Amino acid sequence: MSGFAGNAYQPQYILRPVSRLFIACSLAAAMMLNILPWGHWFWVPDFVALVLVFWNIHQPRKVGIGLAFVMGLLMDVHDASLLGEHALAYTLLSYGAIMLHRRVLWFSLRAQAVHVFPLFLLAQGASVLVRLIVGASFPGVLMFAESVVMAMLWPVASYLLLAPQRRPVDRDETRPL
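In this text the structure is predicted, and so the values were computed from the model without any measurement. (Residues numbered from 1 in each chain as written. Predicted model: local features only at pLDDT ≥ 70, side-chain atom pairs only at ≥ 80, totals over all residues. Heavy atoms only, no water.)

> Before we move on, could you go through a nonpolar patch on the surface and cite the residues and values that matter?
Side chains of Trp41, Phe42, Trp43 and Leu142 sit close together on the surface and give an oily, nonpolar patch of about 450 Å² of accessible area. Locating Leu142 in the fold gives a position in the loop between helix H5 (109-133) and helix H6 (145-162). (Patch = residues over 30% accessible without salt bridge, like charges linked within 9 Å, V, L, I, M, F, W, Y side chains within 5 Å. Areas by Shrake-Rupley, 256 points an atom, 1.4 Å probe, with all protein chains shown as cover. Salt bridge = Lys/Arg side-chain N within 4 Å of Asp/Glu carboxyl O. Helix = DSSP H or I, 4+ residues; strand = E, 2+ residues; numbered from the N terminus.)

What follows is the structure, given as structure tokens:
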């Protein structure tokens, strides 16, 4: 079978099992990228949210809502924001990703990016709503450019995070797989 409509041009890989150590290292690297002094540039993506959604879609049994909540609390402490703001956003993001994980994996990477884009908007909207409830001013619609950048980075993140799991294409005619 050559593949489905969205994946007909891609070779079908049999992926190796992912290591929990690799998941932890990728989340730690995403946290380090978030901690970099980017300032408050509107186009800088939330790397923790991107990696969390990726692992929630690809490994929902290993990376769940509880880990998203803990990562959100760590981001709240780092940003010195309202305690629970990122935790709520990451929890909603992880719940949505886990609910859609079977559907999203059927599509090509571009279509996957279209499917995860509303999740990123939902998480950002929840964060803005929490800030508005406590009395902050609306930051403007330009703030939601972060979600667009995260959706555009989805194929790159997928390629990088799945790279250690891919087996080389071995054309041995004596083996069935």
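> Residues and numbers for the packing of aromatic side chains, please.
Inspection of every chain in the model, using the stated rule, returns five aromatic pairs. Each ring, one from Phe54 and one from Trp154, has its centre 5.9 Å from the other, and the planes form 55 degrees; the classification is tilted. Here Phe54 is found in helix H2 (residues 47-58), whereas its partner Trp154 is found in helix H6, with 100 residues between them in sequence. This pair shows no difference in class: Phe54 is buried, exactly as Trp154 is. (Phe/Tyr/Trp six-rings, centres within 6.5 Å; stacked < 30°, edge-to-face > 60°. Buried < 20%, exposed > 50% of the residue type's maximum accessible area, 1.4 Å probe, protein only.)

> Would you mind going over the confidence of the model for the chain in detail, with residue names and values included?
Here the chain shows a mean pLDDT of 88. Residues at 70 or above account for 86%. Below a pLDDT of 50 lies the segment residues 1-9, which in the model reaches twelve contacts outside its immediate sequence neighbourhood of four places, other chains included. (pLDDT = per-residue confidence, 0-100. Contact = heavy atoms within 4.5 Å.)

> For the nonpolar core, give the residues involved together with the corresponding values.
If you look at the biggest cluster of nonpolar residues, it comprises 34 residues, and the most contacted ones within it are Val48, Leu52, Val53, Trp55, Tyr90, Phe120 and Trp154. For this core, the elements supplying multiple residues, two or more each, are helix H1 (20-35), H2, helix H3 (65-79), helix H4 (85-104), H5 and H6. The element contributing the most residues to this core is H2, with ten residues. Excluding residues that lie within four positions of it along the chain, Trp55 makes contacts with Val18, Phe22, Ile23, Ser26, Pro60, Val63, Leu161 and Gln165. (Core = buried A, V, L, I, M, F, W, Y, C linked by side-chain atoms within 4.5 Å.)

> Please provide a residue-by-residue account of the environment of Leu82, values included.
Locating Leu82 in the fold gives a position in the loop between H3 and H4. The class of Leu82 is partly exposed, set by a relative accessible area of 43%.

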